Amino acid sequence: MSDHAAAQKYAASEEFVAHAHVKPAEYAAQYAASVADPNAFWAKEGQRIDWIKDFTRVKETSFERGAVSIKWFEDGTLNVSANCIDRHMTRRANQTAIIWEPDDPKTPAQHITYAQLLENTSRMANVLKAQGVSRGDRVVIYLPMIPEAAYAMLACARIGAIHSIVFAGFSPDALANRINDSEAKVLITADFAPRGGKKTALKNNADQALRHCDDRVKCLVVKHTGDQTHWTEGRDIDLKAEMAAAKPYCAYVEMGAEDPLFILYTSGSTGKPKGVVHTSGGYLVYAAMTQQITFDYHDGDVFWCTADVGWVTGHSYIIYGPLANGATTVMFEGVPTFPDAGRFWEVCAKHKVNQFYTAPTAIRSLMGMGPEWPAKHDLSSLKLLGSVGEPINPEAWNWYNQHVGKGRCPIVDTFWQTETGGHLITPIPGAIPQKPGSATLPFFGIQPIVLDPATAKVQDAVETDGVLCIADSWPGQMRTLWGDHARFEEAYFSQYPGYYFTGDGCRRDADGYYWITGRVDDVINVSGHRMGTAEVESALVAHPKVAESAVVGYPHDIKGQGIYAYVTLMKGEEPSEALRKELEAWVRTEIGPIAKPDLIQWAPGLPKTRSGKIMRRILRKIAENDFGALGDTSTLADPSVVDDLIANRMNKG
Ligand code: ATP
Ligand code: MG
């Protein structure tokens, strides 16, 4: 196996350390304090946000099966919208809260100040109230990445309604399911969603979805592109017109710390999406703290998280975390490759972005386009880079470090989940040296433990591998699955009693650094050797001709499981028998003979979720020749990719 302890370490520059929130000598003691006395630690951190009535209770949590209950700051009251807007009005009314960068670079960007954010959020809250929405009601948001999405989230929070965002790339079916599952009163959508120069007919999708929903669901429509849409009188409401006519201020309501803030469905990488519920107080404390500490955010910095607000990353790190901290946050409507592969870097230069946070899938695809794209733009404002969503292959890490960060920006590889509200394992920049491909060490208050997958025994040795669980609660943790607490306990607390089970496998190296090896379901067992898919994939991606790869196991008569590798080549490279042999030999030397792929299939594209994650469960079915049972494919980005892979499946005979 590759020698993780010996991997090169990258420490931040002296200059970075001098300004960092957490110094190298401070991490260990602060971490120890955070887990030794969570009540004391979080009582202090809880003061990051403004409470209407201060809490006297801090941590009240149990992971015990049959009685799982998670409550933080329970007797405190607050309003999340007031924390993200009103409390900044004395000092920051005229500071930009949101920089909106539209899909088409020729359309001017918008700079929305905190004062404007207050007014627009208030107007939208008043429109919602006029539609009968009140505390505890659900509102589904199906919008492009436009400022109205931020107003809608904050307007719900302001009046105590629970939002559930559905990514604008999802189908009418997926939308209808989520409206019905949450029994929403109102749907907020737009006429069209421009993305990469194309327009998705969002309102048309909404019309189709609403046919399967309660007649009383109202549809608030943002006329964004202004193109014609079908209009249902009595149900459809022109949101911008109503906002213009509404009162410019709306008072916020006093909410309990444990009142739900939002429902959000997971990406569906491993199965049917789950309706994760986050509440108000603990979530906001954790989102704010991680945004400041993990990204070393300082007053005046411009922060850009490229995720969509349809994912948890967009919730915590475009909206709630940054705005709770009074930050300037960038909201981008477009895609990394429109109008060309330099768009990310052009936007970084244009808005003088200081912290940039994206996903490995984007980095790998831009890496495939060549380093000339980042080289064209002035990236000198960047101080820190981040990654989230999947393990980042060392190859992609090095490219990001060299061509985007120019070797002077720490890279935070943040491991976390929809369920966790914020980062779990991540290098705290300045304090923790990074190793490419490792999420490194736990965030404050997080207690990772590694269990033997078969015996559930805690692996005490520093250097070990197994399934990753978390031993105790933290404020940002999900509280339940919407309407299904039994499934919540079953999914996260039953397999390894007493612990929160992440579903991910990991390796811990001699330095105590964590390396996420992929989903536990994806672990391959070759002749008794357990291997994470991430390791084999990273070895393949390290080959200069390989752009992307996905590895799964398939039944093998002799070895138990064989290694089936799907490989996407770099632009301009052609598949050949010689290259296949070369890749086999390459993995042999990179990892060892045991990891040599048994079958390599050339894949022009890989099946991914709409958030860009590889759906290995579908690839596993193809490798197993089990096309009839592909499972829930509702969150698949491009179904035609699957047809191509089935048609060109390797013959295992
Ligand atoms: P579903 O739960 O529906 O299968 P999902 O797990 O992909 O979907 P998310 O909550 O968006 O939905 O993603 C969390 C998962 O993403 C983690 O469990 C992990 O597998 C992966 N992940 C996220 N960040 C990292 C990272 N930095 N390194 C490795 N893996 C990561
Ligand atoms: Mg998951």
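Residues numbered from 1 in each chain as written. Chains lettered and ligands numbered in written order. Predicted model: local features only at pLDDT ≥ 70, side-chain atom pairs only at ≥ 80, totals over all residues. Heavy atoms only, no water.

## Remarks on helix H2 (residues 27-36)
Rules: Residue exposure (1.4 Å probe, protein chains only): buried if accessible area is under 20% of the type maximum, exposed if over 50%, otherwise partly exposed. The numbering of helices and of strands both runs from the N terminus, where a helix is a DSSP run of H or I of at least 4 residues and a strand a run of E of at least 2. The directions considered for the arc run from the helix axis to the C-beta atoms. Here, two residues are considered to be in contact whenever any of their heavy atoms come within 4.5 Å of each other.
Every buried residue of H2 is accounted for by Tyr 27, Tyr 31 and Ser 34. Considered in projection along H2, the buried side chains sweep an arc of 60 degrees and stay on one side of the axis. Set apart from the buried face of H2 by more than 90 degrees, the exposed residues are Ala 28, Ala 29 and Ala 36. In this structure, the buried residues of H2 make contact with helix H3 (38-45) and strand E21 (448-451).

## Let's talk about the UniProt feature "domain: AMP-binding enzyme C-terminal" (unreviewed entry) in the protein
Cut-off, in case you're wondering: UniProt positions are given in the numbering used here, feature names are shortened, and annotations may be inferred rather than shown by experiment.
In the UniProt entry, the feature "domain: AMP-binding enzyme C-terminal" (unreviewed entry) is given for residues 535-613. For the annotated span residues 535-613, helix accounts for 27% and strand for 32% of the residues, and the straight-line distance between the end C-alpha atoms is 16 Å.

## Here we look at empty space enclosed by the protein
The condition that has to hold: Only protein atoms enter the 1 Å grid used here, on which a cavity is any set of points holding a 1.4 Å probe that cannot leave and a pocket is any open set flanked by protein within 12 Å on both sides along at least five of seven lines; residues with an atom within 4 Å of a point are listed as lining. Grid points are joined across faces, edges and corners, and a volume is the space filled by probe spheres set on the points.
Per the stated rule, a full pass over the model turns up three cavities of 30 Å³ or more. What the largest cavity holds in volume is close to 100 Å³. Forming the walls of the largest cavity are Asp 465, Gly 466, Val 467, Gly 505, Cys 506, Arg 507, Thr 517, Val 520, Val 523, Arg 530, Met 531 and Gly 532. Those elements giving two or more residues to the lining of the largest cavity turn out to be strand E22 (464-470), strand E24 (500-508) and strand E27 (529-531).

## Some words on the side chain of Asp 191
Note the following rule: His is not counted here, nor are the chain ends, while Lys and Arg score as positive and Asp and Glu score as negative. Whenever a carboxyl oxygen of Asp or Glu lies within 4 Å of a side-chain nitrogen of Lys or Arg, that contact is scored as a salt bridge.
Assignment of secondary structure puts Asp 191 in the loop between strand E8 (186-190) and strand E9 (193-195). Despite being buried, Asp 191 has no salt bridge partner; Lys 223 is the closest side chain of opposite charge, sitting 7.5 Å away. When sequence neighbours within four positions are dropped, the list of residues in contact with Asp 191 reads Thr 200, Ala 201, Leu 202, Lys 203, Val 221, Val 222, Lys 223, His 224, Thr 225, Gly 226, Asp 227 and Thr 229.

## Section: the sheet that holds strand E20 (residues 411-414)
To keep things clear, this is the line we draw: Strand pairing follows a simple DSSP-based rule, namely that at least 2 bridges must link the two strands. Note on method: axes are straight lines fitted to C-alpha atoms, helices fitted across the in-contact stretch only, with angles between N-to-C directions ranging 0 to 180 degrees.
If you walk across this open sheet you meet the seven strands as E5-E4-E17-E16-E18-E19-E20, and the pairing is mixed. Two strands bound the open sheet, and with one partner strand each, they are strand E5 (110-113) and E20. Within this sheet the neighbouring strands show an average axis-to-axis angle of 20 degrees, counted without direction. Across four bridges, strand E18 (residues 355-358) lies against strand E19 (residues 384-388) in parallel orientation. The partner of Gln 355 across the bridge, within E19, is Leu 384. Packed onto the sheet, helix H6 (residues 114-130) meets strand E4 (96-101) and E5 and runs at close to 80 degrees relative to E5.

## With respect to the sheet that holds strand E11 (residues 218-222)
Strand pairing within a sheet occurs via backbone hydrogen bonds; the two strands may be parallel or antiparallel. One open sheet holds the eight strands; their spatial order is E12-E11-E8-E6-E7-E14-E15-E23, and the pairing between them is mixed. The outermost strands of the open sheet, each flanked by one partner alone, are strand E12 (236-238) and strand E23 (480-481). By the bridge criterion, five bridges tie E8 to E11 in an arrangement that is parallel. Residue pairing in the sheet places Ile 188 in a bridge with Leu 220 of E11. Its contacts with the sheet place helix H9 (residues 202-210) against strand E6 (138-142), E8, E11 and E12, and it is angled at close to 155 degrees to E8.

## So, the nonpolar core
Applicable threshold: Here, the term nonpolar core denotes a set of buried Ala, Val, Leu, Ile, Met, Phe, Trp, Tyr and Cys residues that are joined through side-chain atoms within 4.5 Å.
Counting 140 residues, the largest nonpolar core has Leu 117, Leu 128, Leu 187, Ile 188, Tyr 320 and Phe 444 as the members making the most contacts within it. Tallying contributions element by element places helix H7 (residues 147-159) first for this core, with ten residues. The contact partners of Phe 444, leaving out residues within four places of it in the chain, are Val 22, Tyr 27, Gln 30, Tyr 31, Ser 34, Phe 41, Trp 42, Tyr 286, Met 289, Ile 293 and Ile 428.

## Some remarks on the packing of H6 against H7
The relative placement of two packed helices comes down to the angle between their axes together with the axis-to-axis distance. Put simply, the rule is: Should the near helix be turned anticlockwise from the far one by less than a right angle, the crossing is termed left-handed; should it be turned clockwise, right-handed.
The geometry of H6 relative to H7 is characterised by a closest axis approach of 8 Å and an angle of 65 degrees between their N-to-C directions. Here H6 and H7 pass one another in a crossing that is right-handed. In contact with Leu 117, Leu 118, Asn 120, Thr 121, Ser 122, Met 124, Ala 125, Leu 128 and Lys 129 of H6, H7 contributes Glu 148, Tyr 151, Ala 152, Leu 154, Ala 155, Cys 156, Arg 158 and Ile 159.

## Here's the deal with the UniProt feature "binding site: CoA" (unreviewed entry) in the protein
In the numbering adopted here, UniProt assigns the feature "binding site: CoA" (unreviewed entry) to Arg 195, Gly 196, Gly 197, Lys 198, Thr 313, Ser 527 and Arg 588. In summary, the annotated positions, distributed over 394 residues, remain apart in three dimensions as well, the widest C-alpha pair reaching 49.4 Å. You can see Gly 197 is positioned in the loop between E9 and strand E10 (198-200). Residues in contact with Gly 197, not counting those within four places in the same chain, are Asp 103 and Phe 338.

## Examining the packing of H3 against helix H11 (residues 281-294)
Here is the rule we go by: Geometric relationships in this document are graded by angle, where less than 35 degrees denotes roughly parallel, more than 145 denotes roughly antiparallel, 65 to 115 denotes roughly perpendicular, and other angles denote oblique. Amino acid classes used here: Ala, Val, Leu, Ile, Met, Phe, Trp, Tyr, Cys and Pro are nonpolar; Asp, Glu, Lys and Arg are charged; the rest, including Gly, are polar.
At their nearest, the axes of H3 and H11 sit 10 Å apart, and the two run at 80 degrees to each other. If you check the angle between H3 and H11, you find them roughly perpendicular. For the pair formed by H3 and H11, the contact residues are Phe 41, Trp 42 and Glu 45 on the first element and Val 285, Tyr 286 and Met 289 on the second. Grouping the amino acids of the contact of H3 with H11 by side-chain chemistry returns five nonpolar, no polar and one charged.

## Remarks on the environment of Ser 69
Counting through the fold element by element, Ser 69 comes out in strand E2 (residues 69-72). Accessibility expressed as a relative area gives 29% for Ser 69, which makes it partly exposed. If sequence neighbours within four positions are ignored, Ser 69 has contacts with Glu 60, Thr 61 and Ser 62.

## Focus on the side chain of Asp 103
What counts here: Any N or O atom pair separated by 3.5 Å or less is treated as a polar contact, with the protein-specific requirement of one donor-capable and one acceptor-capable atom, and with residues adjacent in sequence counted only for side-chain atom pairs.
Residue placement: Asp 103 occurs in the loop between E4 and E5. Of the side chains bearing the opposite charge, Arg 343 lies closest to the buried Asp 103, which forms no salt bridge; the N-O distance is 5.0 Å. Of the polar contacts made by the side chain of Asp 103, one reaches the backbone nitrogen of Gly 197; its length is 2.9 Å. The residues contacting Asp 103, other than those within four sequence positions of it, are Pro 194, Arg 195, Gly 196, Gly 197, Glu 333, Gly 334, Val 335, Phe 338 and Arg 343.

## Topic: a nonpolar patch on the surface
To be explicit about the condition: A patch consists of residues exposed above 30% relative accessible area that lack any salt bridge, with like charges linked at up to 9 Å and nonpolar side chains (Val, Leu, Ile, Met, Phe, Trp, Tyr) linked at up to 5 Å. All accessibility values rest on the Shrake-Rupley procedure with a 1.4 Å probe; residue burial counts only the protein chains present in the view.
Together, Ile 52, Tyr 249 and Tyr 252 make up a nonpolar patch on the protein surface, roughly 290 Å² of accessible area in all. Tracing the sequence through the fold places Tyr 252 in the loop between helix H10 (239-245) and strand E13 (255-256). Exposure remark for Tyr 252: the relative accessible area of 35% places this residue in the partly exposed category.

## Quick notes on the pairing of E18
Both faces of E18 are covered, namely the face carrying Gln 355 and Tyr 357 and the face carrying Phe 356 and Thr 358. Inspection of the sheet shows strand E16 (residues 302-305) paired to E18 by three bridges, in the parallel sense. Looking at E18, one finds that Trp 304 is bridged to Phe 356.

## Observations regarding the packing of aromatic side chains
This is how it is decided: Each aromatic pair joins two rings of Phe, Tyr and Trp (for Trp, the six-membered one) with centres within 6.5 Å, and gets the label stacked for planes under 30 degrees apart, edge-to-face for over 60, and tilted for any other angle.
Tallying each qualifying case throughout the model produces 41 aromatic pairs. With 5.0 Å between their ring centres and 65 degrees between their planes, Tyr 496 and Phe 501 make a pair best called edge-to-face. Here Tyr 496 falls in the buried class, since its relative accessible area comes to 6%. Here the aromatic residues Tyr 27, Tyr 31, Phe 41, Trp 42, Trp 51, Phe 55, Trp 72, Phe 73, Tyr 286, Phe 443 and Phe 444 are joined through ring pairs into a cluster of three or more.

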